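Read off the chains here:
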Amino acid sequence: MGRRPRDRDKDAAAIKAAAERLLAGTPLRSVSGKLTATELIVESGLRRDVVYPQHQDLVDEFRLSVKAQGRVPTAAQELAERYAAVAEELKEAKQQLAAEQQLTAFLRRTTVELSIEVENLRREQEDAADATVVHMPRRRGPGRRFVTTDPGT
């Protein structure tokens, strides 16, 4: 059992409709909207091997229409301009993200350091609260005090 033969008229109609949409600047499938044979094939929804051997005349006709038009459709031009603007916004957003990531890393390190410092100070306070003041007998000179952290001494 072989393949069903392609409906050449249906394929030709798809190519012609794709050409009209591209030339009008209102593509449905083409992302770029460029007026190229490749985009014509994408827009038609057909495979390259279907378009070229059987419908080369339609591709050539499309190329002639593009030359005759002599300009990029407004919608495609607007799309290209929007793409450029979005690309610039993305570049700026990436730069801002990198700066924020650096700041976040610095703040995380600082937070850890301060947490350690706070914990050390808390321990010192607890140790000072447990300290006992021991009066030492006088030897030469004024009385001296000795502070110890061990309440058993």
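Reading the values: rules and limits
- Residues numbered from 1 in each chain as written.
- Predicted model: local features only at pLDDT ≥ 70, side-chain atom pairs only at ≥ 80, totals over all residues.
- Heavy atoms only, no water.
- Salt bridge = Lys/Arg side-chain N within 4 Å of Asp/Glu carboxyl O.
- Helix = DSSP H or I, 4+ residues; strand = E, 2+ residues; numbered from the N terminus.
- Buried < 20%, exposed > 50% of the residue type's maximum accessible area, 1.4 Å probe, protein only.
- Axes fitted to C-alpha atoms, helices over the stretch in contact; angles between N-to-C directions.
- Parallel < 35°, antiparallel > 145°, perpendicular 65-115°, else oblique.
- Left-handed = near helix turned anticlockwise from the far one by under 90°.
- Contact = heavy atoms within 4.5 Å.
- Nonpolar A, V, L, I, M, F, W, Y, C, P; charged D, E, K, R; others polar.
- Core = buried A, V, L, I, M, F, W, Y, C linked by side-chain atoms within 4.5 Å.
- Patch = residues over 30% accessible without salt bridge, like charges linked within 9 Å, V, L, I, M, F, W, Y side chains within 5 Å.
- Areas by Shrake-Rupley, 256 points an atom, 1.4 Å probe, with all protein chains shown as cover.

Enquirer: Explain the pattern of salt bridges to me, and be specific about the residues and the numbers.
Expert: Evaluation of the coordinates by the stated rule reveals seven salt bridges. One salt bridge connects Arg-21 with Glu-43, and the closest N-O pair in it is separated by 2.6 Å. Of the two residues, Arg-21 sits in helix α1 (residues 8-24) while Glu-43 sits in helix α2 (residues 37-44), which places them 22 residues apart along the sequence. A single burial state applies to Arg-21 and to Glu-43, both of which are buried. Among the charged side chains, a network of salt bridges with common partners joins Glu-119, Arg-122 and Arg-123.

Enquirer: Could you give an account of the packing of α2 against helix α3 (residues 48-69), with specific residues and numbers?
Expert: Following both chains from N to C, one finds α2 and α3 inclined at 120°, their axes separated by 11 Å at the closest point. Regarding the angle of α2 to α3, the classification is oblique. Crossing of α2 against α3: the hand is right-handed. Side by side, α2 and α3 meet where Ala-37, Thr-38, Leu-40, Ile-41 and Ser-44 of the first sit next to Arg-48, Val-51, Tyr-52, Val-59, Phe-62 and Arg-63 of the second. When its residues are assigned to classes, the contact of α2 with α3 shows seven nonpolar, two polar and two charged.

Enquirer: I'd like to hear about the nonpolar core, residue by residue, with values.
Expert: Judged by nonpolar contacts, the single largest core of 15 residues is most densely connected at Ile-15, Leu-22, Leu-35, Leu-40, Val-51, Val-59 and Phe-62. Of all the secondary structure elements, the ones that give two or more residues to this core are α1, α2 and α3. Once you skip the residues sitting within four places of it in the chain, Leu-40 turns out to touch Ile-15, Ala-18, Ala-19, Leu-22, Val-59 and Phe-62.

Enquirer: I'd like a rundown of a nonpolar patch on the surface, residues and numbers included.
Expert: Taken together, Leu-103, Phe-106 and Leu-107 make up a surface patch of nonpolar side chains, about 280 Å² in accessible area. Positionally, Leu-107 belongs in helix α4 (residues 74-129). With relative accessibility at 43%, the residue Leu-107 sits in the partly exposed group.

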